[in-house]
Amino acid sequence: MTTAEREGRWRRLLSGPEPEVAADAGHADAPPRVGFFTDTSVCIGCKACEVACKEWNAVPADGGPLTGMSYDNTGGLGASTWRHVAFVEQTRPLGGQRSAVEHPDLDVLALAAEGSAGDGDGGLRWLMASDVCKHCTHAACLDVCPTGSLFRTEFGTVVVQEDICNGCGYCVPACPYGVIEQREGDGRAWKCTLCYDRLGAGQEPACAKACPTDSIQFGPLDELRERAAARVTRLRETGVPDARLYGADPADGVGGDGAFFLLLDEPEVYGLPPDPVVTTRDLPVMWRHAGTAALALLGGLAAVFAGRRSRTSGRSGR
């Protein structure tokens with residue numbers, strides 16, 4: 001096997017589609033992989049998911065007064081914020097109100113798109129989205145953990161065992177989404193566990209259970225992807241051309257996310273990287289270059305010592 005073939009094999013192991021992620025982690029007879037589908041088009045920004053997550057997992061309080069720029073008081077995901085509701089304010093034309101419409105027949109997004117296509121009055125559009133750890137198919141945080149604190153569960157999720165974490169912090173820069181963080185005053189890394197304890201008891205995660213609009217949906221990942229694709233198709237047919245999925249593609253830079261999203265604008269608008277790539281993907285190439293450099297350095301040192309030895313021998317022979 002050539003060097004290029006070996007590097008290609010390792011790269012395939014560290015990136016790309018991976019349908020049996022739990023089995024590859026050593027879980028025999030693993031159940032179907034589960035995850036989150038967050039449909040931001042129906043998020044109302046109530047923060048019930050944030051509260052439920054904190055209550056069930058005993059996550060310490062965080063966040064302070066409102067920033068003055070938004071209704072967001074937590075700012076982003078972190079060691080003490082495992083669910084974060086973003087409020088994105090945009091100036092967009094708004095359509096007129098309609099009366100005598102039954103709620104089941106009302107498609108708010110279609111009406112908004114219809115209004116923006118005409119000469120509606122200018123106004124404010126809020127994009128609300130509940131962010132969470134992505135539980136990547138190829139999780140760099142797990143790859144770099146030296147103690148085994150981070151592990152892949154039988155459900156395909158990625159969990160931190162805080163009693164094993166030594167606070168090295170390697171996982172923090174490894175995450176392409178900036179999700180995982182060390183807790184101040186503690187030093188250990190913390191993040192969403194997708195309520196691993198609840199999954200083991202046959203229950204859905206606390207955030208999905210508390211969501212009043214089903215913006216956060218939990219279930220087998222394959223079923224969620226099918227449901228999400230159908231939802232995007234429906235939204236586009238009803239006049240929402242910007243609807244798109246984020247993190248649902250198994251061929252993306254992280255092999256697809258275990259928690260993916262339906263967005264109504266570019267990922268950057270929500271504070272998400274547009275094209276995330278698992279940061280350990282190129283480790284084989286990096287190690288090869290490092291090894292080549294080390295060998296070159298050793299060769300140079302050997303040549304220097306050999307030259308010095310020959311000169312010393314020459315002087316002593318006179």
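Residues numbered from 1 in each chain as written. Predicted model: local features only at pLDDT ≥ 70, side-chain atom pairs only at ≥ 80, totals over all residues. Heavy atoms only, no water.

(A) Summary view of the overall build of the protein. The secondary structure content of the protein amounts to ten helices and ten strands. Looking at the protein as a whole, 41% of its 318 residues qualify as buried. Restricting to contacts in the protein with at least 6 residues of sequence separation, those with at least 24 account for 68%. Per element, the accessible surface of the protein, about 17,100 Å² overall, is 55% carbon and sulfur. (Helix = DSSP H or I, 4+ residues; strand = E, 2+ residues; numbered from the N terminus. Buried < 20%, exposed > 50% of the residue type's maximum accessible area, 1.4 Å probe, protein only. Contact = heavy atoms within 4.5 Å. Areas by Shrake-Rupley, 256 points an atom, 1.4 Å probe, with all protein chains shown as cover.)

(B) Structural view of the sheet that holds strand β8 (residues 216-220). With mixed pairing, four strands are arranged side by side in an open sheet as β8-β1-β10-β9. Two strands close off the open sheet at either side, each with one partner strand: β8 and β9 (244-246). Between one strand axis and the next, the sheet turns through 25° on average, direction left out of account. Examined bridge by bridge, β9 and strand β10 (residues 259-263) share three bridges and lie antiparallel to one another. In the sheet register, Leu-245 faces β10, and the bridge partner there is Leu-262. Across the sheet, helix α9 (residues 221-237) lies against β1 (34-39), β8, β9 and β10, angled at about 135° from β8, the strand it touches most. (Pairing = 2+ DSSP bridges. Axes fitted to C-alpha atoms, helices over the stretch in contact; angles between N-to-C directions.)

(C) Representation of the packing of aromatic side chains. Scanning all chains against the criterion turns up five aromatic pairs. With centroids separated by 6.0 Å and ring planes inclined at 70°, the aromatic side chains of Phe-151 and Tyr-196 adopt a geometry described as edge-to-face. Here Phe-151, found in strand β4 (residues 150-152), pairs with Tyr-196, found in helix α7 (residues 196-200); they are 45 residues apart in sequence, far enough to count as distant. Judged by its relative accessible area of 22%, Phe-151 falls in the partly exposed class. (Phe/Tyr/Trp six-rings, centres within 6.5 Å; stacked < 30°, edge-to-face > 60°.)

(D) Highlighting the pattern of salt bridges. Applying the stated criterion to the full structure yields six salt bridges. For Asp-39, the salt bridge identified is with Arg-231, shortest N-O distance 3.1 Å. With Asp-39 in strand β1 and Arg-231 in helix α9, the pair connects residues that are 192 residues apart, well separated along the chain. Given the relative accessible area of 3%, Asp-39 is considered buried. (Salt bridge = Lys/Arg side-chain N within 4 Å of Asp/Glu carboxyl O.)

(E) Inspection of the environment of Ser-70 at higher detail. Tracing the backbone through its elements, the reader meets Ser-70 in the loop between α3 (48-57) and β2 (83-93). When sequence neighbours within four positions are dropped, the list of residues in contact with Ser-70 reads Phe-87 and Glu-89.

(F) Broad picture of α9. Between the first and last C-alpha of α9 there are 24 Å, a value that for 17 residues agrees with the 24 Å anticipated at 1.5 Å per step. With its phi angle positive at about 100°, Gly-239 sits one or two positions after the end of α9. (Expected span 1.5 Å × (residues − 1).)

(G) Examining unusual backbone geometry more closely. For His-135, which is not a glycine, the phi torsion comes out positive at approximately 45°. Position of His-135 relative to the elements: it lies in the loop between β3 (122-132) and α5 (140-144). Here His-135 falls in the buried class, since its relative accessible area comes to 1%.

(H) The arrangement of the nonpolar core in detail. Core analysis: the largest hydrophobic core is formed by 62 residues, its most contacted members being Phe-36 and Leu-150. Setting aside anything within four residues of it in sequence, one finds Leu-150 in contact with Cys-141, Leu-142, Cys-145, Val-158, Val-159, Val-160, Cys-171, Ile-180 and Lys-191. (Core = buried A, V, L, I, M, F, W, Y, C linked by side-chain atoms within 4.5 Å.)

(I) Representation of the environment of Val-144 in the model. Within the element layout of this structure, Val-144 appears in helix α5. For Val-144, a relative accessible area of 26% corresponds to the partly exposed category. Each C-alpha atom, one on Val-144 and one on Cys-171, is 6.3 Å from the other, the two residues being 27 residues apart in sequence. Beyond its immediate stretch of four places on either side in the chain, Val-144 contacts Tyr-170, Cys-171, Ala-174 and Thr-280.

(J) Structural view of the side chain of Arg-198. Within the secondary structure layout, Arg-198 lies in helix α7. Summary of buried charges: Arg-198 has no salt-bridge partner, and the nearest side chain of opposite charge, Asp-197, is 6.1 Å away. A polar contact of 2.6 Å, which involves the side chain of Arg-198, links it to the backbone oxygen of Glu-204. When neighbours within four sequence positions are excluded, Arg-198 is seen to be in contact with Trp-56, Gln-203, Glu-204, Pro-205, Ala-206 and Lys-209. (Lys, Arg positive; Asp, Glu negative; His and termini not counted. Polar contact = N/O pair within 3.5 Å; in protein donor to acceptor, adjacent residues only side chain to side chain.)

(K) Representation of the pairing of β1 in the model. Burial analysis of β1 places six of its six residues in the buried class, which makes it a mostly covered element. Side chains Val-34, Phe-36 and Thr-38 project from β1 onto one buried face, and the interleaved Gly-35, Phe-37 and Asp-39 project onto a second face that is buried too. In this structure, β1 lies alongside β8, joined through five bridges in antiparallel fashion. If you follow Val-34 over to β8, its bridge partner there is Pro-220. Bridging between β1 and β10 involves four bridges; their strand directions are parallel. Among the inter-strand pairings, Asp-39 is bridged to a residue of β10, identified as Leu-262.

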